[in-house]
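Spelled out from the first residue to the last, the chains are:
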Amino acid sequence: MKIPGELPDFLDLLAAALASGDGVYSALKRVVPRLNGLLGDELTTTLRALEFGSSLEFELTQLAKRLPQQQLMETCNKLTLAIRRGTPLWRILVEQAEA
């Protein structure tokens, strides 16, 4: 289960959507359908769960469990912390995409 080039592309697209003023849910709804591959499939599952009322923090944890790739787990952890602290998410995403 590898998601080699998928994660940086996803992070760049999501950061751009957030920087343009979209909320997290709106940004995900805009970006996820454009993705292909395993990460795209898993994010589609995440988006569906959010549509049914699940919390983003919980779904990020579940995503990291379903795709236990180091960079994805770090990204999910950082996003969860940013949500709790009220840190702008797009900055975290840009930093993580460059890592």
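It should be emphasised that the depicted structure is a prediction, and the values quoted were computed from it without experimental measurement.

Below, the discussion takes up the side chain of Glu59. Structurally, the position occupied by Glu59 is in helix 4 (residues 56-66). For the buried residue Glu59, which engages in no salt bridge, the nearest side chain bearing the opposite charge is Arg66, 4.4 Å off.

For the protein chain, per-residue confidence averages 88 on the pLDDT scale, and residues scoring 70 or more make up 96% of the total. Of all secondary-structure elements in the protein chain, the lowest mean pLDDT belongs to helix 6 (residues 89-98), at 76, while helix 4 reaches the highest, 95.

The next subject is the pattern of salt bridges. Tallied over the entire structure, the rule returns three salt bridges. Between Arg30 and Asp22 there is a salt bridge, and its shortest N-O distance comes to 2.4 Å. Classification of Arg30 as partly exposed rests on a relative accessible area of 39%. Residue Arg84 is joined to Glu57 by a salt bridge in which the shortest nitrogen-to-oxygen separation is 2.9 Å. Taken together, the residues span a long stretch of sequence, with Arg84 in helix 5 (residues 70-85) and Glu57 in helix 4 at a distance of 27 residues. Using a relative accessible area of 58% as the deciding quantity, one classes Arg84 as exposed.

Here helix 6 has its buried residues at Leu89, Ile92, Leu93, Gln96 and Ala97. The buried residues of helix 6 all sit within an arc of 130° when viewed along its axis, so they share a single face. Of the residues in helix 6, the exposed ones pointing more than 90 degrees away from the buried face are Glu95 and Glu98. Against helix 1 (6-19), helix 2 (24-31) and helix 5 lie the buried residues of helix 6.

On to the packing of helix 1 against helix 6, then. Relative to each other, helix 1 and helix 6 sit at 155°, their axes nearing to 8 Å. Relative to helix 6, the element helix 1 lies roughly antiparallel. Helix 6 is crossed by helix 1, and the crossing has left-handed handedness. Residues Pro8, Leu11, Asp12, Leu14, Ala15, Leu18 and Ala19 of helix 1 pack against Leu89, Trp90, Leu93, Val94, Gln96 and Ala97 of helix 6.

Definitions and cut-offs
Residues numbered from 1 in each chain as written. Predicted model: local features only at pLDDT ≥ 70, side-chain atom pairs only at ≥ 80, totals over all residues. Heavy atoms only, no water. Helix = DSSP H or I, 4+ residues; strand = E, 2+ residues; numbered from the N terminus. Buried < 20%, exposed > 50% of the residue type's maximum accessible area, 1.4 Å probe, protein only. Lys, Arg positive; Asp, Glu negative; His and termini not counted. Salt bridge = Lys/Arg side-chain N within 4 Å of Asp/Glu carboxyl O. pLDDT = per-residue confidence, 0-100. Arc of directions from axis to C-beta. Contact = heavy atoms within 4.5 Å. Axes fitted to C-alpha atoms, helices over the stretch in contact; angles between N-to-C directions. Parallel < 35°, antiparallel > 145°, perpendicular 65-115°, else oblique. Left-handed = near helix turned anticlockwise from the far one by under 90°.

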